[in-house]
Amino acid sequence: MRSTRRSRQDPWGFDRTDRYAFVGLLGLVVLVQAAVLVGVPAGAWVQGDPLPVRMLGPVTVPALDAAGVGYGEASYEVAFDDPSVGLRLLALVPGVLTVVLAAWATWLVVAVMRAVASGEPFAQPTVRRLRTLAAVLAIGAPVVSFVELPIHGALLGAALDPGGREVSFAVDPPWEAVVAGLFVALLAEAFVVGGRLRDDVEGLV
């Protein structure tokens, strides 16, 4: 009874209400990603809006040139007025993959929380789910980022003729997801050790 009261008074405790709120927050994140990464581009396609393609390239600023101030490349969007259906679908691929990974990661987190709430956090299915979650974060997110590179290049090449100018686009590897995935993998190993300790204790009883 004493431990129960302390648990209820623990500000860092994670009870049923907290779990429901967390699941709701994760679901909201997935829905927002789906709306922004897939819904908005699809809606622009339906309305016939141009396809925006972000690029890096040299710019000319006469005022800075006259003042002798140096400057570098600028990041801006190129409006692709008449892309083909194939290019429209190609542009949606990174967003769709990101939403799929986010939904998969959310399902894994919910499954782990259910296992913890049931009093069996060190079971083998939980370890497998944590390792899968680690792979989704540390491997899946970089794969989506690398898939985006040739897609962006194809869109940029179809959208404009550089005309001899050097154009490129920014690459932003998902380091945060990789670090989070490594941490989850470490957590999975901690669960493995916890399962072994539990088995040892049960064997002594």
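Presented here is an overview of the structure given in this document.

The rules behind these values
- Residues numbered from 1 in each chain as written.
- Predicted model: local features only at pLDDT ≥ 70, side-chain atom pairs only at ≥ 80, totals over all residues.
- Heavy atoms only, no water.
- Helix = DSSP H or I, 4+ residues; strand = E, 2+ residues; numbered from the N terminus.
- Buried < 20%, exposed > 50% of the residue type's maximum accessible area, 1.4 Å probe, protein only.
- Contact = heavy atoms within 4.5 Å.
- Core = buried A, V, L, I, M, F, W, Y, C linked by side-chain atoms within 4.5 Å.
- Phe/Tyr/Trp six-rings, centres within 6.5 Å; stacked < 30°, edge-to-face > 60°.
- Salt bridge = Lys/Arg side-chain N within 4 Å of Asp/Glu carboxyl O.
- Polar contact = N/O pair within 3.5 Å; in protein donor to acceptor, adjacent residues only side chain to side chain.
- Expected span 1.5 Å × (residues − 1).
- Bend = angle between axes of the 7 residues up to and from the residue.
- Patch = residues over 30% accessible without salt bridge, like charges linked within 9 Å, V, L, I, M, F, W, Y side chains within 5 Å.
- Areas by Shrake-Rupley, 256 points an atom, 1.4 Å probe, with all protein chains shown as cover.

**A short note on the overall build of the protein**
Per the secondary structure count, the protein includes six helices and two strands. Taken from N to C terminus, the helices and strands of the protein fall in the order α-α-β-α-β-α-α-α. Every one of the 205 residues in the protein was classed for burial, and the buried ones make up 27%. Within the protein, counting contacts between residues at least 6 apart in sequence, those at least 24 apart form 77% of the total.

**Regarding the environment of Arg54**
Checked against the element boundaries, Arg54 lands in strand β1 (residues 51-57). Arg54 sits 24 residues away from Val78 along the chain, and the two C-alpha atoms are 6.1 Å apart.

**Some remarks on the nonpolar core**
In terms of nonpolar packing, the biggest core is built from 14 residues, with Leu130, Leu133, Val136 and Val184 touching the most fellow members. If you list the elements that add at least two residues to this core, you get α4 (85-117), α5 (124-159) and α6 (175-204). For this core, the element with the most residues is α5, which contributes six residues. Those residues within four positions of Val136 in sequence are excluded, and the remaining contacts are Leu101, Trp104, Ala105, Leu108 and Ala141. Core analysis: the second largest hydrophobic core is formed by nine residues, Leu51, Met55, Phe80 and Leu87 among them.

**Observations concerning the environment of Ala188**
Looking at the element boundaries, Ala188 is found in helix α6. Taking the C-alpha atoms as reference points, Ala188 and Arg128, separated by 60 residues in sequence, lie 8.0 Å from one another. When sequence neighbours within four positions are dropped, the list of residues in contact with Ala188 reads Val127, Leu130 and Arg131.

**Focus on the packing of aromatic side chains**
If you walk through the whole model with that rule in mind, you get one aromatic pair. Measuring from ring centre to ring centre gives 5.5 Å for Phe122 and Phe191, while their planes differ by 65°; the resulting arrangement is edge-to-face. Residue Phe122 is found in the loop between α4 and α5, and its partner Phe191 is found in helix α6; the two are separated by 69 residues along the sequence. Overall, the relative accessible area of 13% leaves Phe191 in the buried class.

**What about the pattern of salt bridges?**
Tallying each qualifying case throughout the model produces one salt bridge. Put simply, Arg131 and Glu189 hold a salt bridge, and the shortest N to O gap is 2.8 Å. With Arg131 in helix α5 and Glu189 in helix α6, the pair connects residues that are 58 residues apart, well separated along the chain. The partly exposed category is assigned to Arg131, whose relative accessible area is 41%.

**A word on the side chain of Thr106**
Inspection of the secondary structure puts Thr106 in helix α4. Within the structure, the side chain of Thr106 is placed 2.8 Å from the backbone oxygen of Ala102, a separation counted as a polar contact. Beyond its immediate stretch of four places on either side in the chain, Thr106 contacts Leu26 and Val30.

**Some remarks on α4**
For an α-helix, the turn length of 3.6 residues means that residues three or four places apart are oriented alike. For α4, with 33 residues, the first-to-last C-alpha span of 47 Å sits near the 48 Å given by 1.5 Å per residue. Val93 marks the point of greatest bend in α4, at about 35°, and the proline Pro94 comes within the next four residues. Gly119 lies just past α4 and shows a positive phi near 90°.

**What about a nonpolar patch on the surface?**
Taken together, Leu25, Leu28, Val29, Val32, Val36 and Leu37 make up a surface patch of nonpolar side chains, about 490 Å² in accessible area. Along the chain, the position of Val29 falls in helix α2 (residues 16-47).

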